[in-house]
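Coordinate analysis (summary)
One letter stands for each residue in the lines below.
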Amino acid sequence: QVQLVESGGGLVQAGGSLRLSCAASGRTFSSYVMGWFRQAPGKEREFVAAINWSSGRTYYADSVKGRFTISRDNAQNTVYLQMNSLKPEDTAVYYCAARYGTTWTNPARYDYWGQGTQVTVSS
């Protein structure tokens, strides 16, 4: 059974940094795409970043490009989201997700989800 467990959220001032982690277990993820999504109160869940586990190719939403970096550690079966220059509008619950095959930015295309971790950026 696939499990995705996020950690690393918290409260940070604008301009600060956080690193989120997503520990994946339950199968081999070499043919999977791992994504990070976020959902703010009253808003729809939105794509943040994704990484193709085997190739390492990355994809970013325009709103985070140049500030966030997604990466993976094959040995630890963990995906990271390094978030720098955080802004109050980055405040949301951040979710890790996995899907088999090619990359999509549509959250409905992802098969597995973590429980989420809260990120709050104060101004």
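Here's what I pulled together on the structure shown here. (Residues numbered from 1 in each chain as written. Predicted model: local features only at pLDDT ≥ 70, side-chain atom pairs only at ≥ 80, totals over all residues. Heavy atoms only, no water.)

Observations concerning unusual backbone geometry
Phi at Asn77 is positive, roughly 55 degrees, even though this residue is not glycine. Tracing the sequence through the fold places Asn77 in the loop between β7 (68-73) and β8 (78-83). A positive phi angle, near 50 degrees, is found at Ser85, a position not held by glycine. Locating Ser85 in the fold gives a position in the loop between β8 and β9 (92-100). Ser85 sits in the partly exposed class, given a relative accessible area of 42%. (Helix = DSSP H or I, 4+ residues; strand = E, 2+ residues; numbered from the N terminus. Buried < 20%, exposed > 50% of the residue type's maximum accessible area, 1.4 Å probe, protein only.)

Quick word on the state of the cysteines
According to the stated counting rule, one finds 1 disulfide in the structure shown. Two residues, Cys22 and Cys96, share a disulfide whose sulfurs are 2.0 Å apart. Residues Cys22 and Cys96 share a disulfide whose torsion about the S-S bond is about -75 degrees; that sign makes it left-handed. On the criterion of sequence distance, the pair formed by Cys22 in strand β3 (residues 18-25) and Cys96 in strand β9 is long-range, its members being 74 residues apart. Under the relative-accessibility criterion, Cys22 is labelled buried at 0%. By relative accessible area, which is 1% here, Cys96 ends up buried. (Disulfide = S-S within 2.5 Å.)

Concerning the pattern of salt bridges
Taken as a whole and judged by the stated rule, the model has 4 salt bridges. One salt bridge connects Asp62 with Lys65, and the closest N-O pair in it is separated by 3.1 Å. For the pair Asp62 and Lys65, one class covers both residues: exposed. Linking Asp90 and Arg67 is a salt bridge whose minimum nitrogen-to-oxygen distance equals 2.8 Å. Taken as a pair, Asp90 in the loop between β8 and β9 and Arg67 in the loop between β6 (58-60) and β7 lie far apart in primary sequence, 23 residues in all. The same class applies to Asp90 and to Arg67, which are both buried. Salt bridges sharing partners connect three or more residues here, namely Arg38, Glu46, Arg67 and Asp90. (Salt bridge = Lys/Arg side-chain N within 4 Å of Asp/Glu carboxyl O.)

Honestly, that's just the spatial picture; any functional story needs more than this.
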